[in-house]
Amino acid sequence: MHQLSSLPRLGRHIAATMPWVTLLTGCLGGTALLAVLARVAGASHGILDQGTVRLTFLPAIAALAFVPRTPGQPLTQTLPVPGWVSTTGHLLLAAPVLAVTCWAQLAIAAHTTPPRAVGHPPAVYPVIAQLAAWCAITAAAAACVDRSRYADLGGAIAGPAGLAAIALAWYSPVTRTIVTGPPAAAHGVTTAWSVVAAGALGLAGAAMRDRWHRYSRHRFSRTGSGRPTGQRREPAAPAPRSAG
Amino acid sequence: MTPNVSTAPVGLDGLSRRYGSTQALDAVDLALEHGITGLLGPNGAGKTTLLSILATVNEPDAGRVSVFGLDPRRAAERVQIRRRLGYLPQDLGYHRHFTVAGFLDYVAILKEITDRRRRAEEVARVLAVVGLEGRARTRIRALSGGMRQRLGIAQALLGEPGLLILDEPTAGLDPEQRLRFRELLSGLPGDPVIVLSTHQADDIAAICPRVVVLLQGQVHFIGTPAELAATAAGRVWAADERGGSAHLSWRGGDNRWRHIGDQPPAGADLVAPTVEDGYLLLCHAADAR
Amino acid sequence: MSARTVLALARVEAWLLVRSVLVLAGMLAGAVVIWFLIRPTEPLWWRADWRIGGGQLVLGMAVLAAAQLNAGRPRRDAMAELYASFPATAGTRTLAHLIGLAGAVPAGLLLLGAAAVVIQLSGAVGSASIAVLAGGLLLVIAAGAAGVAIGVRFAHPLAGVLGALALFISSATTHLASGGGIWLLPWEVFQDDLSQLPGRLTGYPPAGAHAAELAGLAALAAIVALAVTIAGGRSRARLALAGVVAVAVICLAGVLQGRPLPTAELNHLVTEIADPASAQDCVTASQARYCLYPGFGRDLPSLRDPVNGVLAHLPARPAQPLTIRQAALPSLDGTFTHGHPDQQIARWNTQLQAAPGDATTASAVYLSVGSWPAAGGQLADARFDVALAAADWAVRLPFPVASGQPCVALDQAREAIAIWLAILATRPAGSELQAGLNGSGGGFTATEVSNTMVRTWNYPGISAGYLTGATPQLTAAGYLLASAMTRLPEQKVSRVLAGAWSTWLNWHTGDARLAAALGIAMPSVPGLPGLAGPAGNAPQNPVCTS
């Protein structure tokens, strides 16, 4: 945790290396799309529900897939301040942007509901928990991709992978009854998605750890002769020169 | 004899190019004959700009370019030039997921080698020339930096180009590969016009019959390596101690200080100048102006 | 621009596209989507071919993203300068990318072919529409062309992902559009009206015009891609002209899609629904009549077996023979009736109100068209539902019930007998029956009758909608008694029932009396936590009388 203490000092550089244009393009794109849908719904006297917000938040999710990327590899792997510090900083910067986007989209959707509509509108906190979990899943996917052979493609692979993981969590028969409501109650849905988010963040943290660990497993494995492969052979004595 | 810009296979006449407030090339006149011409110059001298204009990638702001009598300002002639061109840019990225052979095959198609058999033969030929025939099926991301550079050279050689433009071709190559590269250039069929830019003065000395020194967007020297070295005659010294009046001085591998300048330090011996000495003096003179 | 160069490049690009991780994943995801859309439901071709397009949409999204990555590859990999020195121009490469989209066609055809095989093997009803299936393929190509157009301008991978998402979102929010407007969007994903049609409706959906629209969109995307990369006044002028033609085709296709359905078609549909006897083929077997729309004969065996299973155990049958009839109740909303005068729409709605599926009839069971499952656990549920409906008819429980609160057969022996007959006829899994006590399937666990909370039982498939109309609410007590009856020798139960059949059918005869006659203790109904006494303000359910 002491490594996080370098985060404030790196703040300016982290902000400078943050892919703002990418993130804002996704957030604004989805919000603009929702605004268009609100207009279409208004024309046909329709209402935008939370399901529509889930759809239009997907572009922001896709943009988030491009954020967790360890800059300056492989140099950053040799420095005392680990690369995940910057990545964590980027995610922390992205969080308020995503939160504002979520709030804006929920507000746009709520605006299409007539003021004297019958019945209570559904609770908002379950969908907030769900979208937060989706963000965490995508961050985890991006962190895993950044550690893989597809790191150079970055979000191009992490984005679809994250969306596929979200679809799996949403539609899988195992999780469907827990994370979608009804019949699951609002509290249950919120708890379920919070658990998913925590798990995803844990996976993201594991994926961002020092990459040295991958090599140490092989380097210190025992060979058939019983000698660790890390040991060097003694150099052979030079052959004597023949005279003449 | 200085080649005539208008009759040489490749000619640049009054070439200028500006990037914002920076004059990258300033009225450059250059004639390139068959054989190898080395382009020397510090960073920011305009070498890459010059080569990219020759490669029909960029357009000059002023001046004329003629390649084998063709004018790249005309679209049809520009395509004809490109059919006879091989180009290795300075910072070439690669499609890392392609295999070596797959990448060369792709570039061969882009060079309009459409016959499949001929294309396969050409790919095999260039792979053998650069010594990568054993890596045909290797993904580019698995290649070392030197191998990727050789791959870059290989793609430039596809189609036996009449004009070969190589920007920093020996960057990342080890000494043995640099020797092989010199051998490769010397043995190219068809006697193409070859322009290569480099920071390695000994490469220039070893393989280039002609050298062009480009400084601050202008040509400061055209001649043979011996002539470039001769510009430093009587101005290169070796001494045991460092002198304060030299333009440039450094400690060599023999533990003696090498000085370049007009005022020799005390106890200094005059030594034979090299191409590098002549180039460094030119740079110094240009900076002083 | 050499044609041979373009074709040679296109071959390479097609191969790169087809073996792209994204396209392979898209194909797999598309197959999964198609499987979940078509497998559990009745294989009606007029619904299935449109749903196959839903899977093609997923493949199209993947092709869009992959095509964008391929088209932006030179700039993204810092190769733009090198490519600029090649004789093959950017326009040549773009054309090669566009032609290379043909590499995605085999993937689409594979999805289509596999789905068609599954549908045919499931006993398909009707025949496939080539226009709809071709539309699915054109959707993939149009998406790919859009990807190329995006990629030649924006090399960043996010652009392709956003393009794919825009395609998906526009197809998933068609419910916000009204009337014929829903067909203008790339693909209407959640179309369910097709499920309830008794046959293919000409012009619905407007597949031919939609395919033309998609072709126009593909052409327009290709033109945009070429316009960005091709220099030269004459080429640009030709592209501009082609673009105008493409836009004209799209607009014309849009107009055609927005045309109202022919009045004659809608008249025929309404007649088919309101007066099914005029359109259905009826078959009588074992004193039960089965009336199905043409082409649905495949459902007959799976309907006959459970009904015969019930009839075989009846000591006596009602005077009116049982009729099992298909009923179609599509909502004639704006997607059907747009462009027609309000008076005509009102006339149709009035006619549809006379549709039999919505009216109470003592001797008919109405099956929802298109809801009969193909196989598996859902088919078992559906067979149980039919058996239960036949048993309700046999014991004179009112079914179906018109709109309003369903009645509750509270403490009526006939209820347990009906459940027992249905269990005997179809032998469902005990666990599934038991789960009905816990509100499984989305039903309630209790209901209020005469100011008293009564524990209820939900039969398998209660909310699946295989049958039209509301069923009587069955009680937990009735189920538990029926379950106990299944543990007795069948002949013993049959003997007891036959001995006083008319008594058992009387709604005054309670469960305890039946239990005593069978010599078993009346099973106790487990209480529900938090359920004590009347709820007060909850709507009351009537008791089934008659």
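About the thresholds
- Residues numbered from 1 in each chain as written.
- Chains lettered and ligands numbered in written order.
- Predicted model: local features only at pLDDT ≥ 70, side-chain atom pairs only at ≥ 80, totals over all residues.
- Helix = DSSP H or I, 4+ residues; strand = E, 2+ residues; numbered from the N terminus.
- Rg over C-alpha atoms; globule rule 2.2 N^0.38 Å.
- Contact = placed C-beta atoms within 7 Å.
- Buried ≥ 20, exposed ≤ 12 C-beta atoms within 10 Å, placed from the backbone.
- Core = buried A, V, L, I, M, F, W, Y, C linked by C-beta atoms within 7 Å.
- pLDDT = per-residue confidence, 0-100.
- Axes fitted to C-alpha atoms, helices over the stretch in contact; angles between N-to-C directions.
- Parallel < 35°, antiparallel > 145°, perpendicular 65-115°, else oblique.
- Left-handed = near helix turned anticlockwise from the far one by under 90°.
- Nonpolar A, V, L, I, M, F, W, Y, C, P; charged D, E, K, R; others polar.
- Pairing = 2+ DSSP bridges.
- Expected span 1.5 Å × (residues − 1).
- Right-handed = clockwise from strand over helix to strand, strands pointing away.

J.: Just to check I follow, could you spell out the overall build of chain B for this structure?
T.: Looking only at helices and strands, chain B has 9 helices and 13 strands in total. Relative to the 2.2 N^0.38 estimate, which gives 19 Å for 289 residues, the radius of gyration of chain B is 21 Å and therefore close to what a compact globule would have. C-alpha extents for chain B along the principal axes are approximately 70 × 45 × 35 Å. Relative to all contacts within chain B whose residues are 6 or more apart in sequence, the contacts with residues 24 or more apart total 66%.

J.: Sorry if this is basic, but what is going on with the overall build of chain A here?
T.: A count of helical and extended segments in chain A gives 11 helices and 0 strands. Starting at the N terminus and ending at the C terminus, chain A contains elements arranged as α-α-α-α-α-α-α-α-α-α-α. In chain A, which comprises 244 residues, the share counted as buried stands at 38%. The contacts in chain A between residues at least 6 apart in sequence include a share of 74% that link residues at least 24 apart.

J.: Looking at this model, I keep getting lost on the environment of Gln287 of chain C. Mind explaining?
T.: All names here are of chain C. Mapping Gln287 onto the fold places it in the loop between strand E1 (281-285) and strand E2 (288-292). Among the residues examined, Gln287 registers 12 C-beta atoms within 10 Å and is labelled exposed. Along the sequence, Gln287 and Ala172 sit 115 residues apart, while their C-alpha atoms lie 47 Å from each other. In this structure Gln287 touches Leu311, Arg317 and Pro321, once residues within four positions along its chain are discounted.

J.: Looking at this model, I keep getting lost on the nonpolar core. Mind explaining?
T.: Proteins that are soluble and globular tend to have nonpolar side chains buried together. Counting 313 residues, the largest nonpolar core has Leu64 of chain A together with Ala142, Ala145, Ala221, Ala390 and Ala422 of chain C as its most contacted members. If you tally residues by element for this core, the top one is helix H3 (residues 45-71) of chain C, at 17 residues. In this structure Ala422 of chain C touches Val310, Phe384, Ala387, Leu388 and Ala391 of chain C, once residues within four positions along its chain are discounted.

J.: It is not clear to me how the confidence of the model for chain B should be interpreted in this structure. Could you clarify?
T.: For residues with low pLDDT, the predicted coordinates do not support detailed interpretation. All names here are of chain B. Taken over all residues, the pLDDT of chain B has a mean of 88, while the share at 70 or more is 98%. Ranking the elements of chain B by mean pLDDT puts strand E11 (residues 248-251) last with 81 and strand E7 (residues 193-197) first with 94. Interface confidence for the predicted complex, given as ipTM, is 0.78, next to a pTM of 0.82.

J.: Help me understand the packing of helix H1 (residues 3-18) of chain C against helix H6 (residues 90-100) of chain C in this model?
T.: Two measures define how a pair of helices packs: the angle their axes make with one another and the distance between the axes. Residues and elements named next belong to chain C. Viewed as axis vectors pointing N to C, H1 and H6 meet at an angle of 50 degrees, and their least axial separation amounts to 7 Å. As the angle between them shows, H1 and H6 are arranged oblique. For the pair H1 and H6, the sense of crossing is right-handed. For the pair H1 and H6, contact is made by Thr5, Val6, Leu9, Ala10, Glu13, Ala14 and Leu17 and by Thr92, Arg93, Leu95, Ala96, His97, Ile99 and Gly100, respectively. Each residue belonging to the contact of H1 with H6 can be placed in one class, and the counts come to 8 nonpolar, 4 polar and 2 charged.

J.: Whenever I open this one, the pairing of strand E1 (residues 10-19) of chain B confuses me. Can you help?
T.: Residue and element names in this part refer to chain B. Pairing of E1 with strand E4 (residues 62-67) involves 5 bridges; the strand directions are antiparallel. The partner of Asp13 across the bridge, within E4, is Arg64. Here E1 runs beside strand E2 (residues 22-32); their pairing, made up of 7 bridges, is antiparallel. Directly across from Arg17, in E2, lies its bridge partner Leu25. The hairpin turn running from E1 into E2, its antiparallel successor, is 2 residues long, and Gly20 in that turn takes a positive phi close to 65 degrees.

J.: I'm lost on the environment of His111 of chain A in this one. Help?
T.: Within the secondary structure layout, His111 of chain A lies in helix H6 (residues 83-111). Residues His111 of chain A and Ala38 of chain A lie 73 residues apart in sequence; the distance between their C-alpha atoms is 8.5 Å.

J.: How do you make sense of helix H11 (residues 233-257) of chain C when you look at a structure like this?
T.: Residues lying three or four places apart along an α-helix face the same way, a consequence of the helix completing one turn every 3.6 residues. The terminal C-alpha atoms of H11 of chain C lie 36 Å apart, and with 25 residues this matches the ideal 36 Å at 1.5 Å per residue to within 8%. Of the surrounding secondary structure, the elements contacted by the buried residues of H11 of chain C are helix H10 (207-229) of chain C.

J.: Is there a simple way to explain unusual backbone geometry in this structure?
T.: Comment: phi is negative for the bulk of residues other than glycine, and the bulk of peptide bonds are trans. With an omega of -10 degrees, the peptide bond running from Tyr204 of chain C to Pro205 of chain C counts as cis. Here Pro205 of chain C is to be found in the loop between helix H9 (157-172) and H10. Although it is not a glycine, Glu168 of chain B adopts a positive phi angle of roughly 55 degrees. Following the sequence through the fold, Glu168 of chain B ends up in the loop between strand E6 (163-167) and helix H6 (175-186). Phi angles above zero are rare outside glycine, and Asp191 of chain B is one such case at about 50 degrees. In this fold, Asp191 of chain B is placed in the loop between H6 and E7. Classification of Asp191 of chain B as exposed rests on a count of 10 C-beta atoms within 10 Å.

J.: Quick question: what am I supposed to make of the pairing of E2 of chain C here?
T.: Note on strand geometry: in a regular strand, side chains alternate between the two faces of the sheet. Residues and elements named next belong to chain C. Counted residue by residue, E2 has 4 buried out of 5 residues, so it is predominantly covered. Connecting E1 to the next strand, E2, in antiparallel fashion are 2 residues, including Ser286 with a positive phi near 55 degrees. For the crossover that starts at E2, traverses helix H13 (residues 300-311) and ends in the parallel strand E3 (residues 322-327), the hand is left-handed.

J.: What exactly am I supposed to notice about the interface of chain C and chain A here?
T.: When the parts come together, some accessible area is lost, and that loss is often what is quoted as the size of the interface. Counting residues at the interface gives 19 residues for chain C and 26 residues for chain A. Every element with two or more residues in the side of chain C that touches chain A is listed here: helix H2 (21-38), H3 and H9 of chain C. It is H9 of chain C that provides the largest number of residues to the side of chain C that touches chain A, a total of 8 residues. Looking at the side of chain C that touches chain A, its residues break down into 15 nonpolar, 4 polar and no charged.

J.: Looking at this structure, I do not really get the packing of helix H3 (residues 20-43) of chain A against H6 of chain A. What am I missing?
T.: Residues and elements named next belong to chain A. Direction vectors running N to C along H3 and H6 enclose 5 degrees, while the axes themselves pass 10 Å from each other. When the axes of H3 and H6 are compared, the pair comes out roughly parallel. Residue-level inspection shows Leu23, Cys27, Thr31, Leu34, Ala35 and Ala38 of H3 in contact with H6, the latter providing Ala94, Val97, Leu98, Thr101, Ala104, Gln105, Ile108, Ala109 and His111. In terms of residue class, the contact of H3 with H6 is built from 11 nonpolar, 4 polar and no charged.

J.: Can you help me understand the environment of Asp152 of chain A in this one?
T.: All names here are of chain A. Checked against the element boundaries, Asp152 lands in the loop between helix H7 (125-146) and helix H8 (155-171). The exposure class of Asp152 is partly exposed, given the 14 C-beta atoms found within 10 Å. Each C-alpha atom, one on Asp152 and one on Ser172, is 30 Å from the other, the two residues being 20 residues apart in sequence.

J.: Sorry if this is basic, but what is going on with the sheet that holds E6 of chain B here?
T.: One key point about sheets: their strands pair by backbone hydrogen bonds, in either a parallel or an antiparallel sense. All names here are of chain B. Spatial ordering of the open sheet is given by E5-E6-E7-E3-E8-E9, a layout of 6 strands whose pairing is mixed. Unpaired on one side and paired on the other, strand E5 (85-88) and strand E9 (218-223) mark the two borders of the sheet. Direction aside, neighbouring strands of the sheet carry axes that sit 15 degrees apart on average. Here 4 bridges tie E5 to E6, and the two strands are oriented parallel to one another. Residue Gly86 lies in a different strand from E6, and its bridge partner there is Leu164.

J.: Honestly, the sheet that holds E1 of chain C in this entry has me stumped. Any pointers?
T.: All names here are of chain C. Here we have 4 strands laid out as an open sheet, ordered E1-E2-E3-E4, and mixed in their pairing. Taken across any chain shown, the strands that pair with only one partner, and hence form the sheet edges, are E1 and strand E4 (364-368). On average, each strand axis in the sheet is inclined to that of its neighbour by 20 degrees, with strand direction left out of account. For E1 and E2, the ladder comprises 5 bridges, and the chain directions are antiparallel. By the bridge assignment for E2, Ala285 is matched with Ala288. Sitting on the sheet, H13 is in contact with E1, E2 and E3, with an inclination near 160 degrees to E2. Where helix H16 (residues 376-394) meets the sheet, its contacts fall on E3 and E4, and the angle it forms with E4 comes to roughly 160 degrees.

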